[in-house]
Amino acid sequence: MGDVDVVVVGAGCAGLAAAKALRAAGRSFAVVEAMDRIGGRAWTTDSDFGVPFDIGCAWLHAGDRNPFYPEALAAGWTLYHHDMGLDHLYFGNRRASDDEMARVKAADAALAAAMAAHSGADDRLAALIADCHCLRANATFCGPMDFAADDDEISIADFNAAAELDPNFFTREGFGALVHRWGADVPVTTGCPATRIRWDGPGVEVETPQGTLRGRAAIITVSPGVLQFGSPGFYPALPEAHQEAVFDLPMGLLTKIPLQVKGDRLGLRAFDDLLIEGRGRNDLFFLCFPFDLDLMVGFVGGDFAWEIEAAGRAAAVDFAIGRLADLFGSEVRRAVGHGSMTNWAAERHVRGAYAAARPGRAAAREVLRRPVGDRIWFAGEALAGQGLMQTAAGARLSGAAVAAEVMAAIPA
Ligand SMILES: Cc1cc2nc3c(=O)[nH]c(=O)nc-3n(C[C@H](O)[C@H](O)[C@H](O)COP(=O)(O)OP(=O)(O)OC[C@H]3O[C@@H](n4cnc5c(N)ncnc54)[C@H](O)[C@@H]3O)c2cc1C
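No experiment lies behind these values; they were computed from the predicted model shown.

## Section: the pattern of salt bridges
Next, step 1: This structure, assessed with the given rule, holds 23 salt bridges.
Next, step 2: Note that D123 is salt-bridged to R124, the shortest N-O span being 3.5 Å.
Next, step 3: Among the salt bridges present, the one from R361 reaches D248, with a minimum N-O distance of 2.8 Å. Within this pair, whereas R361 is found in the loop between β20 (354–355) and α13 (364–369), its partner D248 is found in the loop between α9 (240–247) and β14 (251–252), the two being separated by 113 residues in sequence.
Next, step 4: A relative accessible area of 6% means that D248 is categorised as buried.

## Here's the deal with the domain arrangement of the protein
Next, step 1: The assigned domain composition of the protein is domain 1 (3–48 + 52–61 + 68–73 + 172–249 + 356–409) and domain 2 (85–165 + 254–339).
Next, step 2: Between domain 1 and domain 2, the C-alpha centre-to-centre distance is 30 Å.
Next, step 3: Opposite the 23 residues of domain 1 that make contact, domain 2 presents 25 residues.
Next, step 4: Summing both sides of the interface, domain 1 and domain 2 together bury roughly 1700 Å²; the carbon and sulfur share of this comes to 61%.
Next, step 5: On the domain 1 side of the contact with domain 2, F53, R172 and P359 bury the most area, a combined 30% of that side's loss.

## Looking at the site of the ligand
Next, step 1: Close to the ligand lie 37 residues; E33, R41, W59, A194 and A392 are nearest.
Next, step 2: Interatomic distance of 2.8 Å between a backbone N/O atom of A194 and a nitrogen atom of the ligand.
Next, step 3: In isolation the ligand has 1000 Å² of accessible area, and contact with the protein removes 98% of it.
Next, step 4: Residue assignment for the shell around the ligand shows that the elements contributing at least two residues are α1 (13–24) and α14 (392–409).
Next, step 5: Its residues placed into classes, the shell around the ligand shows 22 nonpolar, 12 polar and three charged.

Each value, and the rule that gives it
- Residues numbered from 1 in each chain as written.
- Predicted model: local features only at pLDDT ≥ 70, side-chain atom pairs only at ≥ 80, totals over all residues.
- Heavy atoms only, no water.
- Salt bridge = Lys/Arg side-chain N within 4 Å of Asp/Glu carboxyl O.
- Helix = DSSP H or I, 4+ residues; strand = E, 2+ residues; numbered from the N terminus.
- Buried < 20%, exposed > 50% of the residue type's maximum accessible area, 1.4 Å probe, protein only.
- Domains from an automatic or database assignment.
- Contact = heavy atoms within 4.5 Å.
- Buried area = accessible area lost by both parts, 1.4 Å probe.
- Near = heavy atom within 4 Å.
- Polar contact = N/O pair within 3.5 Å; in protein donor to acceptor, adjacent residues only side chain to side chain.
- Areas by Shrake-Rupley, 256 points an atom, 1.4 Å probe, with all protein chains shown as cover.
- Nonpolar A, V, L, I, M, F, W, Y, C, P; charged D, E, K, R; others polar.

Structure, rendered in structure tokens:
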């Protein structure tokens, strides 16, 4: 391991984009990645269902400004414009009436208006939701399903800073596979975690089990959840403001519970959105039969997602099948061939889905964007601009933007 201009820590969308920008400018760099693969939270596998399935990111959000979108087209990926909405809503096993569906829509509009006009304190999103007399379905979509956190744990200002993400595109071949294809030409040392970053000298020293890399600067793209666990360590410690910012950006969790459902389509169409409210805060959303595959992809988010991942795959699958049986009768059990569960909580190199600022702490993203000692920069989904935080496109744009900043700060 030799001396380079920039050491990039992490080879997800942000790290790969940073490396590509450095390479395009002719700068020397090294990328270390803790996992034995690139892509991070972008990961497609066909080992579960025999068809590509995205364990992490799946929708190409904001297709009009998402750099992955033109690449997906050029690669011949099959894309479906998914106009996310609410096609079916159940309270337990009771189907919502037309009047109730209309009330959810009206509350959604009222919430959007209140959000746009909001100038008060950066309270919990739950407070605004209550002011707008929203139904729980509204809170579930804003909180667990969108921000991957419960609405009382989300800052209104942070929620407001996230952009409208339509048009959203779903891919048959997999978003993770697309990211892998895009990043495959970047030289990355995988299976090589950065354990400590020393910045007490003139540059940085990135310690790994395979040796120490010396650089003039480092770009750290690990999730705030990983940073919260002190990985990598920093010597000297990060400034207090940065440490606080890391604390103020806890990871939310979104868990997918895909079920293979064979036979008839239960009266549902491909890409229908189905929300089933539970009696506790255990709502379950299904993306139904994408691309007419025999798949119903369940989603739970927020506190319940942490619970269900801890309970394990069998309990999660049982829960999801039980909910379907409540709606469609117990014969649905015979139609379910196989079920699975994603587990980003247990992935110690990520520790969640994506970050959401605590109420009152929306400025944390800005603080963490500030360089440390003109040698250490952070990048990734949590620090993405243009309202694209939490997304893979945002992570990529953040990595490229930070690489440009670093190059300006350390002239060739
Ligand atoms: C279930 C789920 C669903 C999602 N759905 C969508 C979606 O539909 N659309 C969308 O746009 N986004 C979605 N996202 C979010 C999207 O996947 C992320 O925003 C994006 O992939 C994050 O990229 P990143 O580079 O910031 O971080 P990461 O992908 O986490 O990359 C950071 C990398 O750093 C590595 N690392 C960690 N510690 C170390 C260390 N000490 N040394 C070296 N390397 C280290 C990690 O292994 C990882 O590879 C979803 C995420 C999840 C989990």
